[in-house]
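Structure at a glance
Given next are the chains, with one letter for each unit.
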Amino acid sequence: GGAALRVTMSPARTLHTVGALMIFVAAAMFLVVGVTLYYQDGDTWAFVVSGVITLALGLLLFLPTKPQGEVSPVEGYAIVTAGWVGMAAAGALPFLLSGATDSVVGAFFESISGFTTTGATIFTEIESLPHGILFWRSLTHWIGGMGIIVLAIAILPFLGVGGMQLFKAEVPGPTPDRLRPRITQTAKLLWYVYVGITAVQIMLYVMAGMGWFDAVNHAFATLATGGFSTRNASIGAFDSPAIQWITILFMYLAGVNFALHFQAVTGRMAYLKDAEWRFFTALALGAGVAVAVVNLVAGVHAADPVGVETALREGLFQATSIVTTTGFVSADFEGWVMPAQGILFLLLFTGGMAGSTGGGIKSLRVMLMLTHVRNELKKLLHPRAVVLARVGRKVVSEDVMANVLGFVILYALIFMAGAMVLTLFGIDLLTAIGASAATVGNIGPGLGGVGAADNYGWMSEPVLGFLSFLMLVGRLEIYTVLLLFSPDLWRRSRNHAHRVTS
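Residues numbered from 1 in each chain as written. Predicted model: local features only at pLDDT ≥ 70, side-chain atom pairs only at ≥ 80, totals over all residues. Heavy atoms only, no water.

Now for the overall build of the protein chain. Secondary structure summary: the protein chain contains 21 helices and two strands in total. Approximately 20300 Å² of the protein chain is accessible, and the part contributed by carbon and sulfur atoms is 68%. (Helix = DSSP H or I, 4+ residues; strand = E, 2+ residues; numbered from the N terminus. Areas by Shrake-Rupley, 256 points an atom, 1.4 Å probe, with all protein chains shown as cover.)

In this model, the protein chain carries an average pLDDT of 86, and 87% of its residues clear a pLDDT of 70 or more. Across residues 1–7, where pLDDT falls below 50, the model places 14 contacts with residues more than four positions away in sequence or in other chains. Predicted confidence is poor over residues 159–180, with pLDDT under 50, and the contacts of this stretch with residues over four places away or in other chains come to 74 contacts. (pLDDT = per-residue confidence, 0-100. Contact = heavy atoms within 4.5 Å.)

This next bit is on the pattern of salt bridges. Per the stated rule, a full pass over the model turns up four salt bridges. Put simply, D214 and R231 hold a salt bridge, and the shortest N to O gap is 2.8 Å. Of this pair, D214 sits in helix α10 (residues 212–223) while R231 sits in the loop between α10 and α11 (241–254); the two residues are 17 residues apart in sequence, bridging distant segments of the chain. (Salt bridge = Lys/Arg side-chain N within 4 Å of Asp/Glu carboxyl O.)

For the second largest pocket, the calculated volume is near 430 Å³. Every residue lining the second largest pocket is counted, 29 residues in all, and those nearest its centre are N232, S234, V329, A452 and D454. Of the residues contributing to the lining of the second largest pocket, the split by class is 12 nonpolar, 13 polar and four charged. (1 Å grid on protein atoms, 1.4 Å probe; cavity = no way out; pocket = protein on both sides within 12 Å on 5 of 7 lines; lining within 4 Å. Points joined across faces, edges and corners; volume = space filled by probe spheres on them. Nonpolar A, V, L, I, M, F, W, Y, C, P; charged D, E, K, R; others polar.)

Relative to the helices and strands, T281 resides in helix α13 (residues 275–298). One polar contact links the side chain of T281 to the main-chain carbonyl oxygen of W277, over a distance of 2.8 Å. (Polar contact = N/O pair within 3.5 Å; in protein donor to acceptor, adjacent residues only side chain to side chain.)

This part takes up the packing of aromatic side chains. Enumeration over the complete set of coordinates arrives at 18 aromatic pairs. Ring geometry for Y39 and F213: centres 5.2 Å apart, planes at 65°, overall edge-to-face. Highlighted residues: Y39 in helix α2 (residues 11–39) and F213 in helix α10, separated in sequence by 174 residues. What links up through ring pairs into an aromatic cluster is the set F135, W142, W191, Y194, F220 and F258. When the ring centre of F228 is taken as origin, the NZ or CZ atom of R137, which lies over that ring, is 4.0 Å away. A cation over a ring is seen here: R365 above F407, with NZ or CZ 3.6 Å from the ring centre. (Phe/Tyr/Trp six-rings, centres within 6.5 Å; stacked < 30°, edge-to-face > 60°. Lys NZ or Arg CZ within 6 Å of the ring centre and 35° of its normal.)

Let us look at the packing of α11 against helix α14 (residues 307–323). In helix packing, the relevant descriptors are the interaxial angle and the interaxial distance, both defined with respect to the helix axes. It is at 9 Å that the axes of α11 and α14 come closest, and there the two elements cross at 35°. For the pair α11 and α14, the crossing hand works out as left-handed. On the side of α11, the interface is formed by P241, Q244, W245, T247, I248, M251 and Y252, while α14 contributes E309, R313, L316, F317, T320 and S321. For the contact of α11 with α14, the class distribution of residues is seven nonpolar, four polar and two charged. (Axes fitted to C-alpha atoms, helices over the stretch in contact; angles between N-to-C directions. Left-handed = near helix turned anticlockwise from the far one by under 90°.)

Given a rise of 1.5 Å per residue, 17 residues ought to cover 24 Å, and the 24 Å separating the end C-alpha atoms of α14 matches this to within 8%. At the exit of α14 stands T325, carrying a positive phi of roughly 60°. (Expected span 1.5 Å × (residues − 1).)

A cluster of nonpolar residues, W45, V49, I53, L57 and L60, forms a patch on the protein surface that exposes about 470 Å² of accessible area. One can find V49 in helix α3 (residues 44–62). (Patch = residues over 30% accessible without salt bridge, like charges linked within 9 Å, V, L, I, M, F, W, Y side chains within 5 Å.)

Turning our attention to the nonpolar core. Among the nonpolar cores identified, the biggest contains 129 residues, and W136, L139, Y456, M459 and L467 are the most heavily contacted of them. Top element by residues in this core is helix α7 (residues 131–159). It accounts for 11 residues. The residues touching L139, leaving out its near neighbours within four places in the chain, are A28, L31, V32 and F220. (Core = buried A, V, L, I, M, F, W, Y, C linked by side-chain atoms within 4.5 Å. Buried < 20%, exposed > 50% of the residue type's maximum accessible area, 1.4 Å probe, protein only.)

Relative to each other, helix α6 (residues 104–115) and helix α19 (residues 461–475) sit at 20°, their axes nearing to 9 Å. Here α6 is positioned roughly parallel relative to α19, judged by the angle of their axes. Crossing handedness for the pair α6 and α19: left-handed. Of the residues in α19, those in contact with V104, V105, G106, F108, F109, I112 and S113 of α6 are E461, L464, G465, L467, S468, M471 and L472. Classifying every residue of the contact of α6 with α19 gives nine nonpolar, four polar and one charged. (Parallel < 35°, antiparallel > 145°, perpendicular 65-115°, else oblique.)

Encoded structure:
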């Protein structure tokens, strides 16, 4: 009976929440109307109509449904997945109505790429897009990025959803109850931190010579670890070392657990005490320096009078961009030597810290995996020794370790299956591997035909639809989406509903 109780499903609550999210997205669309009126690019009506349609749909779902009682885990899965799909579907409207694309699947791909903070785009000529559309792309990032933080820190731990069980008390690092006991209060405080860091980045960009419009868009994309740019050549278009260094810093901050930022703002500097932060920082710095050294030795920057600074900046930029899953580009790294590309390829699978806007496997899981491997080697050397997995000073339970191993195996299987499916559509192996890794990891640029200087616009609609699914699965911690396909989950839910009604 207990198991059945845990999987009860109230469609009303799911519809109610999706409706609320649609109303929120509609408000964001009306906000963009101000931008379109200022720049007069002819896309105002597209956002007005999109906003009205989205608002009407939202109210239609929200008003008639009044859910009662506690949220069950199965409802958590359904609400989170349906919420992201609903937001992406609504967010596709401006792309279609403005004429930016006439492909429904393409518009959905661009929208879900924004909300999941992936940053993969179908557009080949970004600079020819209207200002409203450019701002909308960045705004979907910014909304999705904060949504992920609130989800990870304030909501999912209470549902026991997916790999975010790591966020509970079993491992160190901030947990929801250590921020504030109430979810709504936690979410509000995290918003303040998010908005504050965004505002600082915008000001620094402007001081470095970036225009206000570009500064706002790139700050939105950085803090969300999204990567949509207003320029075809991404951050590289500005040809400014200062702008690149600012971006490196804020990409790094966005890849850090926002609960640590919150603690710092409230006067408790907990960064150095956090084992995951130390691991993530060492990984980003180490990879960036390694890429720079490899490129210098290979003579990639031989013609540059300040080759060392350029190599270090570009190495740190691309390493930070990929490890945080931002996906900004400062140079065409496909022209770099293979060892440098190899380091960046490995970073495609790591990701930011838990509780950051970054995607990927997450640094905490990678760290626990390496700890597990080391412990297994110790056991082979000392069969009678009792070897415990620790993060910092805290012992990690076997349940959490099993969850981590399960997640990483599942992640690897989905990545490999994704690449295989793409080859069935006639895509070459390198591009298939790059596109699968880049969409499951919510990174954006990959390898081959979706590399640093390329986009996804040449792909067929079935492929774009499949990659949209991979983005959603990767963003929502895999289990959240895949559990909805479990017949056992729905069978239990139906049985319970039947027992209740009879």
